[in-house]
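# Notes for the structure review
Next come the chains, spelled out residue by residue.
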Amino acid sequence: METQCAVTAPLSVRRAFDASHRWKVLGVGVAANVSFSAAASGIPTTAVWLRSDYRLDNAALGLALGAIGLGVALSELPWGVATDRWGDRPVLLTGLMATALALFAMMAVVAPSQGSVPGFAWLVVAMCIVGMLGGSVNGSSGRAVMRWFKEGERGLAMSIRQTAVPLGGGLGALVLPTLASTGGFRLVYGALAAMCAVSAVLAWCWLHEPPDFAESAQGATGGANATASPLREPMVWRVVLGIGILGIPQFAVLTFATVFLHDFGRVGLAGITGTMVTLQAGAMAMRVWSGRLTDRRGNRRAYLRGSTLVAAISFVMLAISVGFGHAKGALWLLPIVAFSGVCVSAWHGVAYTELATLAGKERAGTALGMANTVVYLGFFLTPLCIPHLLAIGSWAVVWFVAGVCALGAYPLFPKPEIRHAA
């Protein structure tokens, strides 16, 4: 039986949706995040060509790649608060359309052409603007998923939504390096703009307010105090900081793995592309598996604490391999880099579900905005720090520090609740 619900749309049209519509809403969330992640995680896979075409050194390259993260960090929390106040649909539509326009503008003005290289400042500002506008997709799509899916389904649903990040990154890794190396960055920005525009059309068609599934008050909110702002909740802040710190080694791989494989391992385009696509595909599979697993077992907190240890170990293994291995023709690096990247990317859906549950689904936009503010601040700072670590040390030092960061997130995730027998 269909349930009437109000739709946040022009003319205040009322439409009917049943529970099955939630899968279309999830599809919108995936599409929106794929579109932006193809830019945020895909552009770094073109780092070798970005450095060459824009005539950058490693320090400037790090700033250019980090500028997207800075933009997201500046805008995520305002976007999240706006989502909780005005709804998922208007925020996601506005953000996707504005991001598409910004990328079309980059294609027209900021892409290098034969004999002409845009100023470095223009590149950094443009990347930052794309990040600021694209920051709308996480909180709005996450809140929509939390509102359409019930407890017991949300871990899987949010994990599927979070597969959009590696899916977008994987599509970027598969397509963007080839576009950058053969047609230049005009094609790169144009392809990304088209993806955002298509996602905006899907959001216009499918993203609407959910019907009332008659959940209990506690089940509907999921949090201890649905009326309190997540900004005032210490436990929410702990999980936010844990997510942000655990994102640092992930961004180290996403932003500089291609440079590492090219400069240190002397790996060519096919090897780099294959490694990054494998990494992103593995991350997608692990996110879906982990979401389903934790829904069935109710062990999100234990899973998160275990994930930090596995990620830390994988990066220490990578550092040891680099420190004692031989660089020339180092194809043995490819599976190790892919494995480390998968390990540090598998936890996202579970972590965001736990965070949104703590905050309550009606405040999920703010909580997710808090998390991505910290996450993308790390996205900004990580590629800035890596060249300095290389200057004073080596690639082994870079990966070892990444492992230490992963371990630092362990005490921030809450301990599993002890359940006493009745």
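The rules behind these values
Residues numbered from 1 in each chain as written. Predicted model: local features only at pLDDT ≥ 70, side-chain atom pairs only at ≥ 80, totals over all residues. Heavy atoms only, no water. Helix = DSSP H or I, 4+ residues; strand = E, 2+ residues; numbered from the N terminus. Buried < 20%, exposed > 50% of the residue type's maximum accessible area, 1.4 Å probe, protein only. Contact = heavy atoms within 4.5 Å. Areas by Shrake-Rupley, 256 points an atom, 1.4 Å probe, with all protein chains shown as cover. Expected span 1.5 Å × (residues − 1). Axes fitted to C-alpha atoms, helices over the stretch in contact; angles between N-to-C directions. Parallel < 35°, antiparallel > 145°, perpendicular 65-115°, else oblique. Left-handed = near helix turned anticlockwise from the far one by under 90°. Nonpolar A, V, L, I, M, F, W, Y, C, P; charged D, E, K, R; others polar. pLDDT = per-residue confidence, 0-100. Patch = residues over 30% accessible without salt bridge, like charges linked within 9 Å, V, L, I, M, F, W, Y side chains within 5 Å. Salt bridge = Lys/Arg side-chain N within 4 Å of Asp/Glu carboxyl O. Phe/Tyr/Trp six-rings, centres within 6.5 Å; stacked < 30°, edge-to-face > 60°. Core = buried A, V, L, I, M, F, W, Y, C linked by side-chain atoms within 4.5 Å.

### Concerning the overall build of the protein chain
Across its full length, the protein chain carries 17 helices and two strands. Going through the 422 residues of the protein chain one by one, you find that 57% of them count as buried. Here the contacts in the protein chain between residues at least 6 apart in sequence split such that 85% fall between residues at least 24 apart. Surface exposure of the protein chain reaches about 16,500 Å², of which carbon and sulfur atoms provide 67%.

### Side note on helix α5 (residues 120-134)
Under the 1.5 Å per step criterion, the end-to-end length of α5 is 21 Å for 15 residues, consistent within 8% with the ideal 21 Å. For α5, the complete set of buried residues consists of L123, V124, A126, M127, C128, V130, G131 and G134. Structurally, α5 contributes buried residues whose contacts are with α1 (22-40), α3 (58-86), α4 (88-109), α6 (136-148) and α9 (185-206).

### Some thoughts on the packing of helix α15 (residues 348-359) against helix α16 (residues 364-392)
The geometry of a pair of packed helices is captured by two quantities: the angle between their axes and the separation between those axes. Put simply, α15 and α16 touch, their axes get as near as 8 Å, and they point 135° apart. As summarised for this structure, α15 and α16 are arranged oblique, according to the angle between their axes. For α15 against α16, the interelement crossing comes out right-handed. Where α15 abuts α16, its residues Y352, L355, A356 and A359 lie against A364, A367, L368, A371, N372 and V375. Of the residues contributing to the contact of α15 with α16, the split by class is nine nonpolar, one polar and no charged.

### Quick notes on the packing of helix α13 (residues 300-324) against helix α14 (residues 333-343)
Remark: α13 packs on α14, axes separated minimally by 8 Å, with the N-to-C direction vectors making an angle of 160°. Of the possible angle classes, the one that applies to α13 and α14 is roughly antiparallel. Taken as a pair, α13 and α14 cross one another with a handedness that is left-handed. In this structure, α13 contributes V310, A311, S314, F315, L318, S321 and V322 to the contact, and α14 contributes L333, I336, V337, F339, S340 and C343. Each residue belonging to the contact of α13 with α14 can be placed in one class, and the counts come to ten nonpolar, three polar and no charged.

### Concerning the confidence of the model for the protein chain
Residues at a pLDDT of 70 or more form 90% of the protein chain, whose mean pLDDT is 85. Long-range and interchain partners of residues 1-14, a stretch whose pLDDT sits below 50, account for 30 contacts in this model, where long-range means more than four residues apart. This model gives residues 213-225 a pLDDT under 50, and the stretch forms 22 contacts once residues within four places in sequence are excluded.

### Considering a nonpolar patch on the surface
Taken together, the side chains of V397, F400, V401 and V404 make up a nonpolar region of the molecular surface, amounting to roughly 290 Å² of accessible area. Within the secondary structure, V401 sits in helix α17 (residues 395-408).

### With respect to the packing of aromatic side chains
Using the criterion set out here, one finds twelve aromatic pairs in the structure. Ring centres 5.1 Å apart and planes at 80° place the aromatic pair W23 and F149 in the edge-to-face group. With W23 in helix α1 and F149 in the loop between α6 and α7 (154-162), the pair connects residues that are 126 residues apart, well separated along the chain. The exposure class of W23 is partly exposed, given its relative accessible area of 42%. Judged by its relative accessible area of 1%, F149 falls in the buried class. Ring geometry for F251 versus F379: centroids 4.5 Å apart, planes at 5°, classification stacked.

### Looking at the pattern of salt bridges
By the definition in use, this model includes seven salt bridges. In this structure, the salt-bridge partner of D263 is R51, at a minimum N-O distance of 3.3 Å. Placement of the pair is D263 in helix α11 (residues 234-263) and R51 in helix α2 (residues 47-53), with a sequence separation of 212 residues. Residue class for R51 comes out buried when judged on its relative accessible area of 17%. Overlapping salt bridges bring together D84, D88, R143 and R147 as one network.

### Some points on the nonpolar core
Of all hydrophobic cores here, the largest spans 120 residues; its most connected members are Y189, I243, W395 and W399. Sorting elements by how many residues they give to this core places α11 first, with 14 residues. Apart from residues lying up to four places away in sequence, W395 is in contact with F256, V259, F260, F264, V322, I386 and L390.

### What about the environment of T273?
With respect to the helices, strands and loops of the structure, T273 is situated in helix α12 (residues 269-297). The class for T273 is buried, based on a relative accessible area of 14%. Through-space distance from the C-alpha of T273 to that of T258 is 8.4 Å; in sequence the pair is 15 residues apart.

### Some thoughts on unusual backbone geometry
Backbone geometry at R55 places phi at a positive 60°, although glycine is not the residue there. Summarising the element assignment, R55 is placed in the loop between α2 and α3. You can call R55 exposed: its relative accessible area is 66%.

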